[in-house]
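Chains, contacts and geometry: an overview
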Amino acid sequence: MDAAADEATRSRLIYRIFFLFTLLLPMALGNKVEDSGQFPLVVSTWPFKEAVRAAWRAVESGFSAVDAVVEGCSTCEDLRCDGTVGPGGSPDENAETTIDALVMNGATMEVGAVAAMRYVKDGIRAARLVMLHTEHTMLVGDQASVFAISMGLSGPTNLSSTESLEKWNKWKESRCLPNFRKNVLPVHNCGPYQPKETADLSRNRCLMANSVETITRRSSRVGVDNHDTIAMAAIDNMGHIAVGTSTNGATFKIPGRVGDGPIAGSSAYADNEVGACGATGDGDIMMRFLPCYQVVESMRLGMEPKLAAEDAISRIARKYPDFVGAVFAVNKNGVHAGACHGWTFQYSVRSPEMADVEVFTVLP
C-alpha cells in the first residue's frame, strides 16, 4: 500500500516538473529571442513623434513590421509633417504637389513604390498596394494614381493647399528663384528656358576624367523646411524588418522630378539578415550613391551601425562637400546610430525599455 502511494506521489511530482518545464521553456526561449528588450523597435528620421507612436502601437500589438511602417508613414502624411510629407506641401514649378513613397519587406526583399503620383494623398498605402498586388516594384505619374484609385484609395484629390499656393505665388513674384535648373537662360523671368550656348562642356568632360575632383553645388535650396522625407524602419516581435518612406519632394522642383524617396537602397533599405537604414536630405545627390544600400552592406561585413552610417555619408561628402543629408542605421539586434553632413540631424526611436519616443541628435 505504501509502495503504491510512493509511486503515485513520484508520478505526480514528475508530472508537475514536466508541466512546469513545458510551461517555462517557451517563455525562456521567447525572452531570449523575441522579448529581449530590443524588439519591437521603431526608428524614424526627424522628431516625427506621432508617426513613431503610431508605428509602435501597431508593432507592439503584434502587427508586422510592414504594417507598422505603413501606419507610421501614413500618420506623417495625414499630419503633413514639416510640410514636406503628404499633400499640401512642396509645390513644383507648376504649383502642383506630387507624392513619392516606398515600402520594403526585409524578410522577402519585396518592394513597392510610387513616384510623381498625382491626385492621391496616401503615398505609403499606394506603395504597399504595388507590392501586394503587382509583380512590379514601382509605378509612376498619372498611371500610379489610376492604379491606387482602382485598388480602393480615395481620389482623385487636389493635393495643393492654401499654404503651398501662397508659397508658390511668392516664388513667382521672386522671378522663380531659386530653382533647380542649370546651364539655361529664361526667355522670361520664369521661363520657358533655353540651354546656354556657352555651357562649359569641357568642365564636364574633365569631371568625368578626374574621379577625385569635388563638385561645388548651391546648397541654399535644400533644408529641413523645404526638402525632407520621413524614412522609417521597424522590427516586429518576430525579428522581421521593414522600411517605409514618404515625401512630397523638393519645393519648386521641375515637374516630373523624382528624388530618392521611392528608390530602394537610396532613401531606405532593409534585410532581415543584417538590419535597415533610412535617409533624408538632398535626394538628387544622395540617390547617386545608394547610401542605405551601402550602410546595410557595410553592416553585413561586420561594421557597427555608427561607423556604417558615417562611412556612407563620407563617401558622398568627398564628392559633394556642399551636400546636405543624413542617414540612420539599425542592425538586426536593435543597435542604432546616425550620421549627417551639412546640418544637424535628429532621429526618433521607440523601444521596449522606453516610456515614450526618444529623439537622438547627431551633429555634422
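Anyway, here's the lowdown on the structure attached to this text. (Residues numbered from 1 in each chain as written. Predicted model: local features only at pLDDT ≥ 70, side-chain atom pairs only at ≥ 80, totals over all residues. Heavy atoms only, no water.)

Here's the deal with the layout of surface pockets
Worth spelling out the cut-off: Grid points spaced at 1 Å over the protein atoms alone were grouped into cavities, where a 1.4 Å probe fits but cannot get out, and pockets, open sets with protein on both sides within 12 Å along at least five of seven lines, with lining residues defined by an atom within 4 Å of a point. Grid points are joined across faces, edges and corners, and a volume is the space filled by probe spheres set on the points. Helix and strand assignments follow DSSP, with helices taken as H or I runs no shorter than four residues and strands as E runs no shorter than two, numbered in order from the N terminus. The nonpolar class holds Ala, Val, Leu, Ile, Met, Phe, Trp, Tyr, Cys and Pro. Asp, Glu, Lys and Arg form the charged class, and all remaining residues, Gly among them, are polar.
In this model, the second largest pocket occupies a volume close to 220 Å³. As for the second largest pocket, its lining consists of twelve residues, of which Leu177, Asn179, Val184, Pro186 and Tyr193 are closest to the centre. Counting residues per element, the lining of the second largest pocket draws most heavily on strand 5 (residues 184-186), which supplies three residues. For the lining of the second largest pocket, the class distribution of residues is five nonpolar, three polar and four charged.

Notes on the state of the cysteines
Heads up, the rule is: To count as a disulfide, a pair of cysteine sulfur atoms needs to be within 2.5 Å. Exposure classes here rest on a 1.4 Å probe applied to the protein chains alone. A residue is buried below 20% of its type maximum, exposed above 50%, and partly exposed in between.
Following the criterion strictly, the structure yields three disulfides and no others. Disulfide pairing is shown between Cys76 and Cys81; the S-S distance is 2.2 Å. The S-S bond linking Cys76 to Cys81 shows a torsion near -120°; that makes this disulfide left-handed. Here the two residues Cys76 and Cys81 agree in accessibility, since each one is buried.

So, the sheet that holds strand 10 (residues 275-281)
Using the following cut-off: For two strands to be treated as a pair, DSSP must find at least two bridges joining them. Every axis corresponds to a line fitted to the C-alpha atoms, with the helix fit spanning only the stretch in contact, and the corresponding angles, defined between N-to-C directions, vary from 0 to 180 degrees. The contact definition used throughout considers only heavy atoms, calling two residues in contact when any of these lie within 4.5 Å.
Taken in spatial order, the four strands make up an open sheet running 9-10-11-12, and their pairing is antiparallel. Bordering the open sheet on either side are strand 9 (268-271) and strand 12 (336-341), each of which pairs with just one other strand. Across the sheet, the mean angle from the axis of one strand to that of its neighbour is 10°, orientation sign disregarded. Bridge count for strand 10 against strand 11 (residues 325-331) is seven bridges, and the pairing is antiparallel. Across the sheet, the residue bridging to Ala279 is Val327, located in strand 11. Its contacts with the sheet put helix 9 (residues 291-300) on strand 9, strand 10 and strand 11, and the angle it makes with strand 10 is roughly 150°. Strands strand 11 and strand 12 of the sheet are contacted by helix 10 (residues 305-319), whose axis makes an angle of about 20° with strand 12.

As for the sheet that holds strand 1 (residues 41-45)
In spatial order, the strands read 4-3-2-8-7-1-13-14; together these eight strands make up an open sheet with mixed pairing. The sheet is open, and its two borders are formed by strand 4 (138-140) and strand 14 (358-362), each paired with just one other strand. When strand polarity is set aside, the average angle formed by the axes of neighbouring strands in this sheet is 10°. Looking at chain direction, strand 2 (residues 99-105) and strand 8 (residues 241-247) are connected through six bridges and run antiparallel. Bridge pairing in strand 8 places Met104 opposite Val243. Lying over the sheet, helix 2 (residues 49-60) contacts strand 1, strand 7 (230-235), strand 13 (345-350) and strand 14, oriented at roughly 155° with respect to strand 1. Strands in contact with helix 5 (residues 141-150) are strand 3 (110-117) and strand 4; relative to strand 3, the strand with the most contacts, it is inclined by about 120°.

Purely geometric stuff here, so don't read any function into it on its own.
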